[in-house]
Amino acid sequence: MTRDAHEIQTVQRPLAGRGTRRRHRQPETSDSSNDVILVDSLSPTTTARSRRRRRVQNDDIVDLTCSTPNNVTEVPFVDLTSPSQLVRHNNRTGTSTITNNNHPETSTEEQQAAVLRLKCPVCLEHLDKLLERGSEIRSTNCGHVFCKPCIFTSIRATHKCPTCRKKLTERTTHPLYLPIS
Amino acid sequence: MSSISVTRIQRELKDIKSECSGQNIKIELYNDEYTNLRGEIVGPPETPYHGGVFKLIIKIPESYPFNPPKVSFETKIWHPNISSVTGAICLDILKDQWAAALTLRTVLLSLQALLSDAEPDDPQDAVVARQFKENKRAFLKTAKFWAQHYAHAPGPVDKDCVEKLKKATEMGFFKDVSLEALSKYSWNLETAIQHLTN
Ligand SMILES: [Zn+2]
Ligand SMILES: [Zn+2]
């Protein structure tokens, strides 16, 4: 069972999707352009509405994905900003696990390889492929990581972070220089 | 179809093949243009939908993933947040709570979660929601019977449902219409027949 860390993050901490329902339909937007402007979900009325709603716990979603025993060892998410954790991807078994950065057995190369298995959550391309192509990796003020074309297209289309839906502009993102030799 | 939406769907399909074995969800292309897909979720345990296979119609807008996919149930289902007539779904992540980092896989998992945890106060189907709140026994009986009838859920079928459905069809009403009326009137045969005759 292969699963990349960022996807686990999407499922287990889906700030964006909590599996709740809403009564109010979003106005239909035209499909003719990529730069469709979505109605901002952070407007006061929407926010008030969503507070009133009972939310399905994120754990509920997780439980469903972890219904088979094989999945039990999987770890919720990887915080790139925390130096204490890293994902290790085992190519033989196809599993990803998080190990402690300080662990003596973990080589720097392994750690780097593991980090590069992460993907841009919008285009789903692996970071190593993106870097190979010379694409810039960018982080948002809310700490989420994307390739540059994807985060800029997202901001133009929705003015929001694709992962947590915080309000964003191009200025509230910055390049991310991964310490890779 | 924009190139980003096509690439995204291609990668999602590839990922879902390698990642979703044992998760009781499935997504396949329906045409070659990546605009039309079919999904499948299996009803989760401890629900009246348990073991039923529910087919989903998935339409990908040109602006995907910046706008949500349009998803509806192809298999008929009795659930407060899903229309028993059209299969339309009331789920926030398919509307204003969508985010580009969500995927079809997370949508299908959220739908499975919706089957486990209905939200009758925010209904898509008012009739079902009222029954859910006012007559939970009838709701569970109906939801289970629908899952067995339409989604091939396993287990012994409720004899009362079978008999009443048979009676209604013997009177010359179509099976689907009869089932709808009986479900709506919580298996009161007389009221259902009255409704059908009017
Ligand atoms: Zn990207
Ligand atoms: Zn964010």
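Residues numbered from 1 in each chain as written. Chains lettered and ligands numbered in written order. Predicted model: local features only at pLDDT ≥ 70, side-chain atom pairs only at ≥ 80, totals over all residues. Heavy atoms only, no water.

(A) The arrangement of the coordination of the zinc ion (ligand 1) in detail. Residue and element names in this part refer to chain A. Distances from the zinc ion (ligand 1) to its protein donors, Cys120 (SG), Cys123 (SG), Cys147 (SG) and Cys150 (SG), fall at 2.3 to 2.4 Å. Given four donor atoms and angles of 97 to 119° at the metal, the environment of the zinc ion (ligand 1) is assigned as tetrahedral. The sequence motif formed by the donor residues of the zinc ion (ligand 1) is C-x2-C-x23-C-x2-C. Placement of Cys120 in the loop between helix 4 (108–116) and helix 5 (127–132) and of Cys150 in helix 6 (residues 148–158) is noted, with a sequence separation of 30 residues between them. (Donors = N, O, S within 2.8 Å, 3.2 Å for Na, K, Ca; no water. Tetrahedral: all angles 85-135°; square planar, octahedral: opposite > 155°, others 65-115°. Helix = DSSP H or I, 4+ residues; strand = E, 2+ residues; numbered from the N terminus.)

(B) Helix 3 (residues 126–134) of chain B, seen in detail. Residue and element names in this part refer to chain B. Listing the buried residues of helix 3 in full gives Val128, Ala129, Gln131 and Phe132. Here the buried residues of helix 3 occupy an arc of 165° about the axis, which is enough to place them on one side. Within helix 3, the exposed residues directed more than 90 degrees away from the buried face are Ala126, Lys133 and Glu134. Those residues of helix 3 hidden inside the fold are in contact with helix 4 (136–151) and helix 6 (175–184). N-capping of helix 3 is provided by Asp125, with a side-chain oxygen placed 3.2 Å from the backbone N of Val127. (Buried < 20%, exposed > 50% of the residue type's maximum accessible area, 1.4 Å probe, protein only. Arc of directions from axis to C-beta. Contact = heavy atoms within 4.5 Å. Polar contact = N/O pair within 3.5 Å; in protein donor to acceptor, adjacent residues only side chain to side chain.)

(C) Local environment of the sheet that holds strand 3 (residues 137–140) of chain A. Residue and element names in this part refer to chain A. Here three strands make up an open sheet; going across it, the order is 4-3-5 and the pairing antiparallel. Both outer strands of the open sheet, strand 4 (145–147) and strand 5 (173–175), are each paired with one neighbouring strand and no more. Within this sheet the neighbouring strands show an average axis-to-axis angle of 35°, counted without direction. Bridging between strand 3 and strand 5 involves three bridges; their strand directions are antiparallel. Within strand 5, the position partnered with Thr140 by the bridge is Thr173. Along the sheet face, helix 6 touches strand 3, strand 4 and strand 5 and points at about 100° away from the line of strand 4. (Pairing = 2+ DSSP bridges. Axes fitted to C-alpha atoms, helices over the stretch in contact; angles between N-to-C directions.)

(D) Examining the UniProt feature "active site" (unreviewed entry) in chain B more closely. Annotation from UniProt places "active site" (unreviewed entry) at Cys90 of chain B. Inspection of the secondary structure puts Cys90 of chain B in the loop between strand 4 (70–73) and helix 2 (104–116). (UniProt positions renumbered as here; feature names shortened; annotations may be inferred.)

(E) Just the UniProt feature "domain: RING-type" (unreviewed entry) in chain A, in detail. UniProt tags residues 120–165 of chain A as "domain: RING-type" (unreviewed entry). Helix and strand shares over residues 120–165 of chain A are 37% and 15% respectively, and the end C-alpha atoms of the span are 16 Å apart.

(F) Fine view of unusual backbone geometry. With omega at 5°, the peptide bond leading from Tyr64 of chain B into Pro65 of chain B counts as cis. Relative to the elements of secondary structure, Pro65 of chain B occurs in the loop between strand 3 (53–59) and strand 4. In this structure, His159 of chain A takes a positive phi of about 60° despite not being glycine. Relative to the helices and strands, His159 of chain A resides in the loop between helix 6 and strand 5.

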